[in-house]
Amino acid sequence: MTLPAVTVEIGFDSGGAKQSLGTAYDDLVWTDVTAYVLAKDGITFSRGRAEAGQAAAAGQLTVSFDNTDGRFSPGTTGGPYGAVHTRMPIRVSAINSGPYSPTYFAPADYDTTDSTVTLWLGFITDVDWDVRGAEARGYTPEVLGCPIYPSAGLDERYQYTHSEHPFKSIKDWHVAGMIQDASFLINFAHAKGHPSCGYGGAIKNLALGCMTGTTRSAMHDVMHVDPYWFPERCPDAAAFKALLASCPHGGLVEDKHKPGHIHLHFEECNQCGRCLKVAPAGSLKIDAANFHAFQEACAISTAVTLSTFAPEKRTHLVLATHMTPVCDCFGFTSMPILPDAGLFGSDDLVALETAVLDMTGKSRLIEENLPTSMEVHTREGHPFRWLHGPLKDPYLVTAYAEQLGLGSRKYELVDVYPVEQVFQNEAVYIQAH
Ligand code: SF4
């Protein structure tokens, strides 16, 4: 048997450019340091959870170098590799004589004291804090088969800036570096409600999931650009107080930066209109321009991300089962409010989103499963609109996306795997003690 040839490489600084975790993988320049690996110690990898019940550990690569002349020591500047610092990328390749050639990429904290580096492989989540949140939501290294790390780097600074679609308060869009670096996009979304736009599916998944945390925040902020509070029409403190108390959903609060001003939580607002009955004339607007801005921002954000992939390098899937009233990022789930509709897929993002909405929109809203904090006050349009309000129409984003050339709202639905028989499992409840 022929053993694979093992190569160890480090991404030292190249041509005066600092190489680190934030350097795009394809741009890294590698230096082969295999000759300095101490074979007697071997090369070992570990990752995940050693035993059930333990916390999942970061993956580790252990490799020992002959560092007798200090060439690998951080702080060295005059050695054969120029300036050596911490957090330099390292990779190990094991190449068989055949075509199979696994390569491991490890942006690493690199410490020559014990020659141990921390290895990051695999699954990419969205913003940096979600690496911690991912495990709480069931996305563990064991489930995914690889460790998890954030798409814009450990410090949320690995990004590509796009200035081609300024919109309201957003001048630049920042696509997460590892998303734009990917060679193929499989957009796998879960259909559910969303507090800002009524519905979260394939478009919302790309719109928020592929941008850095800064851009995601900016996208929510566009709802506040068009003025909705006119304080000169409400000079009376008692009227202001009554207005704050009029919203049963916590949608109206006093602006913490501007006392005497209203801050509208658009996520909480279902446009019931109760506040408008209390507000002094002309002091408050519940206006389509504010609500629709988020959906337009989602369409633009999606267009920016898709522009970084060739049309033949992207496809989209939506899982329309266990559809809950609000977004998965809340970190909890609830009972489904619509019957399962299946798995949908298409290379046309807009056609897919429209088909999912049409199919789920035909269903009966399971009102007995609604959280007690939500109410139905309209029964027109898609059931998610019933919950989140008439100005959060789930179809709106498909219209914006079509205008941007992301696809067509016309589609033909083809059953790939028709459901011929539905099996009902008995519901099991765990009693609280
Ligand atoms: S319209 Fe209804 S939900 Fe929205 S802020 Fe006013 S009272 Fe609250």
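Placed above this text is the structure.
Quick summary incoming for the structure in this document.

Definitions and limits used
Residues numbered from 1 in each chain as written. Predicted model: local features only at pLDDT ≥ 70, side-chain atom pairs only at ≥ 80, totals over all residues. Helix = DSSP H or I, 4+ residues; strand = E, 2+ residues; numbered from the N terminus. Buried ≥ 20, exposed ≤ 12 C-beta atoms within 10 Å, placed from the backbone. Near = placed C-beta within 6 Å. Nonpolar A, V, L, I, M, F, W, Y, C, P; charged D, E, K, R; others polar. Pairing = 2+ DSSP bridges. Axes fitted to C-alpha atoms, helices over the stretch in contact; angles between N-to-C directions. Core = buried A, V, L, I, M, F, W, Y, C linked by C-beta atoms within 7 Å. Domains from an automatic or database assignment. Contact = placed C-beta atoms within 7 Å. Parallel < 35°, antiparallel > 145°, perpendicular 65-115°, else oblique. Left-handed = near helix turned anticlockwise from the far one by under 90°.

Turning to the overall build of the protein, a few remarks are in order. Each helix and strand counted, the protein has eleven helices and 19 strands in total. In the protein, buried positions account for 35% of the 433 residues.

Below, the discussion takes up the site of the ligand. Around the ligand, 13 residues are found, and the nearest of them are Cys247, Gly251, Cys269, Cys272 and Cys275. The residue inventory of the shell around the ligand, partitioned by class, reads six nonpolar, six polar and one charged.

Strands sit in the order β13-β18-β19 across an open sheet of three strands; the sheet is mixed. Of all strands in the sheet, those bounded by a partner on one side alone are β13 (185–190) and β19 (342–346). Mean inter-strand twist for the sheet, computed between neighbouring axes without regard to direction, equals 15 degrees. As paired strands, strand β18 (residues 314–320) and β19 are joined by five bridges and run antiparallel to one another. From the neighbouring strand, His316 faces β19, where its bridge partner is Ser346.

Next up on the list: the nonpolar core. Within the largest apolar cluster, 65 residues are counted, with the highest numbers of intra-cluster contacts made by Ile203 and Phe294. Of all the elements, helix α8 (residues 288–306) adds the most residues to this core, at ten residues. When residues are assigned to domains, this core turns out to be shared by domain 2 (152–222 + 289–403) and domain 3 (227–286), each giving three or more. In contact with Ile203, other than residues within four places in its own chain, are Cys298, Ala299, Thr302, Leu349, Glu353, Val397 and Ala401. Grouped together as the second largest cluster of nonpolar side chains are eleven residues, Ile10, Leu61, Phe72 and Val92 included.

On to the packing of helix α9 (residues 349–361) against helix α11 (residues 396–403). Where α9 contacts α11, the axes come no closer than 10 Å and their chain directions differ by 165 degrees. One element, α9, and the other, α11, form an angle in the roughly antiparallel class. Between α9 and α11 the crossing geometry is left-handed. Residues Leu349, Val350, Glu353 and Thr354 of α9 pack against Thr398, Ala401 and Glu402 of α11. When its residues are assigned to classes, the contact of α9 with α11 shows three nonpolar, two polar and two charged.

You can see Ala176 is positioned in strand β12 (residues 173–176). Here the alpha-carbon distance between Ala176 and Gly213, two residues 37 residues apart in the chain, equals 9.0 Å. Other than its neighbours up to four places away in sequence, Ala176 contacts Ser151, Ala152, Gln159, Cys210, Met211 and Thr212.

In this model, Lys168 sits at a positive phi of 50 degrees, which is unusual for a non-glycine residue. Tracing the chain through its elements places Lys168 in the loop between β11 (159–162) and β12. The phi dihedral of Gln271 is positive, around 60 degrees, even though this residue is not glycine. Note on placement: Gln271 falls in the loop between β17 (262–264) and α7 (274–278). According to the C-beta neighbour criterion, Gln271 is buried, with 20 such atoms within 10 Å.

Within α11, the full set of buried residues consists of Leu396, Val397, Thr398, Tyr400 and Ala401. Count one or two residues on from α11 and you reach Gly405, which has phi positive near 80 degrees.

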